[in-house]
Amino acid sequence: MQTTSDDVLIGRIAGGDRLAMQVLFARHHVRVYRFVLRLVRNEAAAEDLISEVFLDVWRQAAKFEGRSAVSTWILSMARFKALSSLRRRTEEALDDETAGTIEDTDDDPETALAKKDKGAALRQCLERLSAEHREIVDLVYYHEKSVAEVSSIVGIPEATVKTRMFYARKKLSELLKEQGIDRGWP
Amino acid sequence: MNAADRNEATDIELLLPWHAAGTLSARDAQRVEAALADDPELARRYEAVRDELGQTIELNESLGAPSARVMADLFAKIGAEPAHRPALSVTLGARVREFFASRSPRTLAWSASAAALAIVLQAGIIAGVLLKEHGGSRTETFETASALMTAPGNGSYAMVRFQPQANIGDITQFLEANKLSIIGGPVAGGLYRVMVADTKLQRNALVDRIKKLQQDKVVGFIAAQTE
């Protein structure tokens, strides 16, 4: 069965087709939500933001030129809104939240368990990456974006995309090493 | 390992995450595969990349989904928005996107690659008709009377083949600027049937119109359809 392409849906949405909007929303909202949630780390805020993102899709569909994939276009808007939302938070609130995400390096029971489970340890370390590194790792691994697409979403040159991903992975190895897991690299 | 080899190795290593995710071009994927086959250390690091890929997916999948209120809120907001009044450009753009999207990539690729050969054959037929109708005078505009190019009913039509390098944005702009609508195609040679005017233009007017359209950079070939 052939599904209607995102480009076609956008064309219909530009013409005011709400059913097309429902289809596009159903197709992308979970991934966009997860992308935003990983950036803002607040479920209610992430829900509000994706509502805004898809409202912009409705409003701006006529301006979509098809120069990138629809999902890339939506993620670009989602990223912009997430970062704007983060900037709106007070410095103090941000500090509190950031502090809350930094894990105690002592071996609590959870960490001890993580050491036994390399996968769990890796996930824990993925959570501890900086927002910049989390973002690129998610875009490449989870959202399956090419170098060019990540460049378009994040607004950095393609060469920087590759090196940023490399340094994100390097940081991941360092965090794993702190947990007693040596990947032998870097 | 010389400097060039080291640079290549670094470049290949930078590409490993995209190779694992399957988002590299065929050429780059081939380069990475070759390097992995030759370099056990790189292959070991690639396994680490694959671990990261798997765990990133698992982490993201564990995040759940937004509540149903998001969709309800969104469509309540959309309901409060002024109704869309799509301009001609929007409807044309949407139609072009839909038209191209309805063709499989294989069909589109075939259209582009077959165009070179098919158009030579087509041009030969058309040139023959042209020489016959115009007494051998040279012109950039063509008319044909083949079955393929017979225009039925009211309106004025043409068959057009776009330049292979023209993207959908360029084509949309061309169609909008010239108030053209794609009616059908592609047929052999990557030709599309377009409506040039919704009335029957006089022969000379149609020829002039086609001459003007021929000048556009997105047009590889255009021929008026005559009854």
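Residues numbered from 1 in each chain as written. Chains lettered and ligands numbered in written order. Predicted model: local features only at pLDDT ≥ 70, side-chain atom pairs only at ≥ 80, totals over all residues.

The next point concerns the overall build of chain B. Of the regular secondary structure elements, chain B holds eight helices and five strands. N-terminal to C-terminal, the α/β element order of chain B is α-α-α-α-α-α-β-β-α-β-β-α-β. For chain B, with 227 residues in total, the buried portion stands at 29%. Sequence-distant contacts, at least 24 apart, represent 69% of the contacts inside chain B between residues at least 6 apart. (Helix = DSSP H or I, 4+ residues; strand = E, 2+ residues; numbered from the N terminus. Buried ≥ 20, exposed ≤ 12 C-beta atoms within 10 Å, placed from the backbone. Contact = placed C-beta atoms within 7 Å.)

Let us look at the overall build of chain A. Along its length, chain A carries 10 helices and zero strands. Ordered by position from the N terminus, the helices and strands of chain A form the series α-α-α-α-α-α-α-α-α-α. Within chain A, buried positions represent 41% of all 186 residues. Excluding contacts between residues fewer than 6 apart, the proportion of contacts in chain A whose partners are at least 24 apart in sequence is 62%.

Glancing now at unusual backbone geometry. Residue glutamate 144 of chain A is not a glycine yet carries a positive backbone phi of 55°. Mapped onto the elements of the fold, glutamate 144 of chain A is located in the loop between α8 (131–142) and α9 (147–154).

In the contact formed by helix α2 (residues 18–40) of chain A and helix α4 (residues 68–80) of chain B, the axes pass within 12 Å of each other and the chain directions differ by 150°. The orientation of α2 of chain A relative to α4 of chain B falls into the category roughly antiparallel. Note that α2 of chain A runs across α4 of chain B; the crossing there is right-handed. Residues Arg18, Met21, Phe25 and His29 of chain A of α2 of chain A pack against Val70, Met71, Leu74 and Ile78 of chain B of α4 of chain B. (Axes fitted to C-alpha atoms, helices over the stretch in contact; angles between N-to-C directions. Parallel < 35°, antiparallel > 145°, perpendicular 65-115°, else oblique. Left-handed = near helix turned anticlockwise from the far one by under 90°.)

Turning next to helix α1 (residues 6–14) of chain A. Residues and elements named next belong to chain A. The buried fraction of α1 amounts to eight of the nine residues, a majority that puts the element mostly inside the structure. Looking at α1, one finds that the buried residues are Asp6, Val8, Leu9, Ile10, Gly11, Arg12, Ile13 and Ala14. Remark: glycine 16 follows α1 within two positions and exhibits a positive phi of approximately 90°.

The nonpolar side chains of a soluble globular protein tend to be buried with one another. Ranked by internal contacts, the top residues of the largest apolar core, which has 65 residues, are Ile13, Val32, Val36, Ile50, Ala78 and Val140 of chain A. Of all the elements, α2 of chain A adds the most residues to this core, at 11 residues. Excluding residues within four positions of it along the chain, alanine 78 of chain A makes contact with Val32, Phe35, Val36, Leu49, Ile50 and Val53 of chain A. One finds Val160, Val194, Ile210 and Ala224 of chain B within the second-largest nonpolar core, a separate group that totals 19 residues. (Core = buried A, V, L, I, M, F, W, Y, C linked by C-beta atoms within 7 Å.)

Before going further, it helps to spend a moment on the confidence of the model for chain B. Residue and element names in this part refer to chain B. With 60% of its residues at a pLDDT of 70 or more, chain B has an overall mean of 73. Under a pLDDT of 50 for its full length, residues 114–151 has, in the predicted model, 46 contacts with residues more than four places off or in other chains. Across the whole predicted complex the pTM is 0.61, and at the interface the ipTM reaches 0.84. (pLDDT = per-residue confidence, 0-100.)

Residue and element names in this part refer to chain A. For the pair α1 and α2, the least separation of the axes is 8 Å and the interaxial angle reads 140°. As judged from the angle between their axes, α1 and α2 are oblique. The handedness of the crossing between α1 and α2 comes out as left-handed. Between α1, through Asp6, Leu9, Arg12 and Ile13, and α2, the contact on the second element is made entirely by Ala20, Met21, Val23 and Leu24. Residue classes in the contact of α1 with α2 are distributed as six nonpolar, no polar and two charged. (Nonpolar A, V, L, I, M, F, W, Y, C, P; charged D, E, K, R; others polar.)

A few words on the interface of chain B and chain A. Each side of the interface is counted separately: chain B has 39 residues, and chain A has 46 residues. Of all the secondary-structure elements, those providing two or more residues to the side of chain B that touches chain A are α1 (3–21), α3 (40–61), α4, α5 (88–101) and α7 (168–177) of chain B. The element contributing the most residues to the side of chain B that touches chain A is α3 of chain B, with 11 residues.

All names here are of chain B. Summarising the element assignment, phenylalanine 174 is placed in helix α7. Residue classification places phenylalanine 174 among the buried positions, given that 20 C-beta atoms sit within 10 Å. Along the chain, phenylalanine 174 and valine 218 lie 44 residues apart, while their C-alpha atoms are 7.4 Å from each other. If near-sequence neighbours (up to four positions away) are discounted, phenylalanine 174 is found in contact with Asp216 and Val218.

The next thing to look at is the environment of glutamate 43 of chain A. For glutamate 43 of chain A, the position within the fold is in helix α3 (residues 43–60). A C-alpha to C-alpha distance of 8.7 Å links glutamate 43 of chain A and tyrosine 33 of chain A, two positions 10 residues apart in sequence.

On average, residues of chain A carry a pLDDT of 86, and 83% of them reach 70 or more. Across residues 99–105 of chain A the pLDDT falls below 50, and counting only partners more than four positions away or on other chains, this stretch makes three contacts in the model.

This next bit is on the pairing of strand β2 (residues 156–162) of chain B. Residues and elements named next belong to chain B. Counting buried positions along β2 yields seven of seven residues, so the element is predominantly enclosed. With burial as the criterion, each face of β2 is covered, one bearing Ser156, Ala158, Val160 and Phe162 and the other bearing Tyr157, Met159 and Arg161. The pairing of β2 with strand β5 (residues 219–225) spans five bridges and is classified as antiparallel. Looking at β5, one finds that arginine 161 is bridged to phenylalanine 221. (Pairing = 2+ DSSP bridges.)

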